[in-house]
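Here is how the chains run, residue by residue.
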Amino acid sequence: MLVLGLETSCDETAAALVEDGRRVLSDVVSTQIDIHRRWGGVVPELASRNHVVQLLPVVDEALRRADKALQDVELISVTTGPGLIGALFVGVHMAKALSLATGIPLVGVNHLEGHLLAARLMESPPEPPFLALVVSGGHTTLYAVEDFGRYRTVGSTRDDAAGEAYDKVARLLGLPYPGGQPIDQLAQKGNPAAIRFPRALNVPGVFDWSFSGLKTAVREHIRNHGVPEGQALFDLCASFQEAVADSLSKKLIAAARELKFERLVLCGGVAANSRLRGLTEERAKERELKLFLPRISLCTDNGAMIAVAGYEAYRRGVRSDFSLVADAGWRL
Ligand code: KG4
Ligand code: ZN
């Protein structure tokens, strides 16, 4: 089954063609980062307006790269939530219009289910049940994936998402938005043990996170020592990154052991982080757990993961009609 996946929940306009929820024929992402960067974060109104401009060309490009016509598509899958309401509207209305014009069935999917199922596009994909940590700019949530469509929240952040912490710390350091990649790069040259930043909620059996205290600790450090430069900047980035990666990977591994999961998935934009990947890999190996790390282009927002989620939803009987509406606060 050939599925067209559409994603417009935030600042990425994305479309992909995926066959049978496994084989990516094309995956086109048009990012708006340069537009939002000068404002230091995503401006919702600008995001919606740019999705309007970009979405059709992105869909055309996805069809062209896959060497397919719209008539070949057998299912249209679109992110319905959570996300920015105006941005979601653009994708949902485009999906409905395409479906109305062609008669191709339509299914609305949850963006987080997309992140969870991105690992299905790996060469040897995880089969449920598995434990999956979604770490992105908007979410830090640990899910028990009991089966496709059966997701149970095991833990989540009590305040900032991990990506949000990265973006806020980058701002304090005068680094560009989004802050994840620049901090990750600077951290390569730093000493992760230079500054001992706090690990919140470091209690056995608690699988929730908190990152606002860490952000405050960085702010305090800057207040006392000034905005760092050179080696001091590298050390601060490495120490902050270590605190985030340590806390995320430690709880993921602990939860797997306590809840008896053998397979783990790390996904969402922050799963692109080099230290988080390395540390989690190391700890999973020590405990003989099988860790699935999707390639970076599958971790950040993309249309392929939405096509997979749509395919799996359709297989279990989920259908949407023209009453489909965007739901900015949709909880998985
Ligand atoms: O999943 P995503 O593309 O969009 C959301 O659904 O939020 O995640 C974006 C987030 C941003 O906060 C960004 O700073 C972070 O992912 N990010 C990273 C890295 N690359 C992107 N965080 C840490 N290290 C990275 N290498
Ligand atoms: Zn996302």
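Give me the lowdown on the site of ligand 1, citing residues and values where you can.
Surveying the vicinity of ligand 1 reveals 20 residues, the closest of which are Gly137, Asp167, Asp184, Gly269 and Asn273. For ligand 1, an oxygen atom lies 3.0 Å from a polar atom in the backbone of Gly180. The contact in question runs from a nitrogen atom of ligand 1 to an N or O atom on the side chain of Asp184, over 3.0 Å. Contact with the protein chains removes 88% of the 550 Å² of surface that ligand 1 exposes when unbound. When each cavity is represented as a set of grid points, ligand 1 is found to reside in the largest pocket. When contributions to the shell around ligand 1 are tallied by element, the ones reaching two or more residues are helix H4 (111–117), helix H5 (162–172) and helix H6 (180–187). Partitioned by chemical class, the residues of the shell around ligand 1 number four nonpolar, 13 polar and three charged.

Run through the nonpolar core, naming residues and quoting values.
With 50 residues, the main nonpolar core has Leu131, Val135, Leu142, Phe240 and Leu248 as its most contacted residues. For this core, the secondary structure elements donating two or more residues are strand S6 (130–135), strand S7 (140–147), H5, H6, helix H7 (212–225), helix H8 (230–259), strand S9 (263–267) and helix H9 (274–286). Here this core gets 14 residues from one element, more than from any other, and that element is H8. Apart from the residues lying within four places of it in its own chain, the contact partners of Leu131 are Leu142, Tyr143, Ala144, Val154, Leu252, Ala255, Ala256, Phe261, Arg263, Leu264 and Val265. Judged by nonpolar contacts, the second largest core, of 33 residues, contains Leu117, Leu298, Ala304 and Ile306.

Please set out the pattern of salt bridges residue by residue, giving values where relevant.
This model, assessed by the stated rule, comprises 18 salt bridges. Taking the shortest distance from any N to any O, the salt bridge between Asp160 and Lys168 comes out at 3.3 Å. Owing to a relative accessible area of 7%, Asp160 belongs among the buried residues under this scheme. Taking the relative accessible area as the measure of exposure, Lys168 reaches 30% and is therefore partly exposed. Of the charged contacts, one joins Arg223 and Glu220 as a salt bridge, the two residues approaching to 2.8 Å between their closest N and O atoms.

With reference to specific residues and values, describe the packing of helix H2 (residues 44–66) against helix H3 (residues 85–102).
For any two helices packed against each other, one specifies the crossing angle of their axes together with the interaxial distance. Two numbers describe how H2 lies on H3: the axes approach to 8 Å, and their chain directions differ by 25°. If you check the angle between H2 and H3, you find them roughly parallel. Relative to H3, the crossing made by H2 is right-handed. Taking contact as the criterion, the partners of Ser48, His51, Val52, Leu55 and Leu56 in H2 are, on H3, Gly86, Ala87, Val90, Gly91 and Met94. Grouping the amino acids of the contact of H2 with H3 by side-chain chemistry returns six nonpolar, four polar and no charged.

Which residues make up H2, and what are the values?
Spanning 23 residues, H2 covers 31 Å between terminal C-alpha atoms, matching the ideal 33 Å at 1.5 Å per step. For H2, the principal kink sits at Gln54 and spans about 40°; a proline, Pro57, occurs within the next four residues. Residues of H2 that are buried make contact with strand S1 (2–7), strand S2 (12–19), strand S3 (23–31), helix H1 (33–37) and H3. Asp67 sits one or two residues past H2 and shows a positive phi near 60°.

Explain the packing of aromatic side chains residue by residue, including any values.
Any pair of aromatic rings gets described here by the distance separating the centres and the angle formed by the planes. Within the structure shown, the criterion is met by one aromatic pair. Consider the rings of Tyr166 and Phe240, whose centres lie 4.9 Å apart with planes at 75°: the pair is edge-to-face. Here Tyr166, found in helix H5, pairs with Phe240, found in helix H8; they are 74 residues apart in sequence, far enough to count as distant. This pair shows no difference in class: Tyr166 is buried, exactly as Phe240 is. Across from the ring centre of Phe292, 4.8 Å away, lies the NZ or CZ of Lys290, which sits over that ring. A cation over an aromatic ring shows up here: Arg319 above the ring of Tyr314, its NZ or CZ 3.5 Å from the ring centre.

Tell me about the coordination of the zinc ion (ligand 2), and name the residues and values.
With distances of 2.0 to 2.2 Å, the protein atoms coordinating the zinc ion (ligand 2) are His111 (NE2), His115 (NE2) and Asp301 (OD). Each of the four donor atoms bound to the zinc ion (ligand 2) contributes to angles spanning 93 to 143°, and the resulting shape is irregular.

Describe a negative patch on the surface, naming the residues involved and giving the relevant values.
Where like charges cluster on the molecular surface, the negative patch consists of Asp20, Asp67, Asp72 and Glu74. Within the fold, Asp20 resides in the loop between S2 and S3.

How would you summarise H3 if you had to cite specific residues and measurements?
Compared with the 26 Å implied by 1.5 Å per residue over 18 residues, the 26 Å span of H3 between its first and last C-alpha is a close match. All buried positions along H3 are accounted for by Ala87, Leu88, Val90, Gly91, Val92, Met94, Ala95, Lys96, Leu98 and Ser99. Where the residues of H3 are buried, they touch S1, H2, strand S4 (75–81) and strand S5 (106–110). Downstream of H3 by a residue or two, Gly103 has a phi angle that is positive, lying close to 80°.

What counts and what doesn't
Residues numbered from 1 in each chain as written. Chains lettered and ligands numbered in written order. Predicted model: local features only at pLDDT ≥ 70, side-chain atom pairs only at ≥ 80, totals over all residues. Heavy atoms only, no water. Near = heavy atom within 4 Å. Polar contact = N/O pair within 3.5 Å; in protein donor to acceptor, adjacent residues only side chain to side chain. Areas by Shrake-Rupley, 256 points an atom, 1.4 Å probe, with all protein chains shown as cover. 1 Å grid on protein atoms, 1.4 Å probe; cavity = no way out; pocket = protein on both sides within 12 Å on 5 of 7 lines; lining within 4 Å. Sits in = over half its atoms within 2 Å of the grid points. Helix = DSSP H or I, 4+ residues; strand = E, 2+ residues; numbered from the N terminus. Nonpolar A, V, L, I, M, F, W, Y, C, P; charged D, E, K, R; others polar. Core = buried A, V, L, I, M, F, W, Y, C linked by side-chain atoms within 4.5 Å. Buried < 20%, exposed > 50% of the residue type's maximum accessible area, 1.4 Å probe, protein only. Contact = heavy atoms within 4.5 Å. Salt bridge = Lys/Arg side-chain N within 4 Å of Asp/Glu carboxyl O. Axes fitted to C-alpha atoms, helices over the stretch in contact; angles between N-to-C directions. Parallel < 35°, antiparallel > 145°, perpendicular 65-115°, else oblique. Left-handed = near helix turned anticlockwise from the far one by under 90°. Expected span 1.5 Å × (residues − 1). Bend = angle between axes of the 7 residues up to and from the residue. Phe/Tyr/Trp six-rings, centres within 6.5 Å; stacked < 30°, edge-to-face > 60°. Lys NZ or Arg CZ within 6 Å of the ring centre and 35° of its normal. Donors = N, O, S within 2.8 Å, 3.2 Å for Na, K, Ca; no water. Tetrahedral: all angles 85-135°; square planar, octahedral: opposite > 155°, others 65-115°. Patch = residues over 30% accessible without salt bridge, like charges linked within 9 Å, V, L, I, M, F, W, Y side chains within 5 Å. Lys, Arg positive; Asp, Glu negative; His and termini not counted. Charge placed at Lys NZ, Arg CZ, Asp CG, Glu CD.

Geometric values such as these leave the question of function open.
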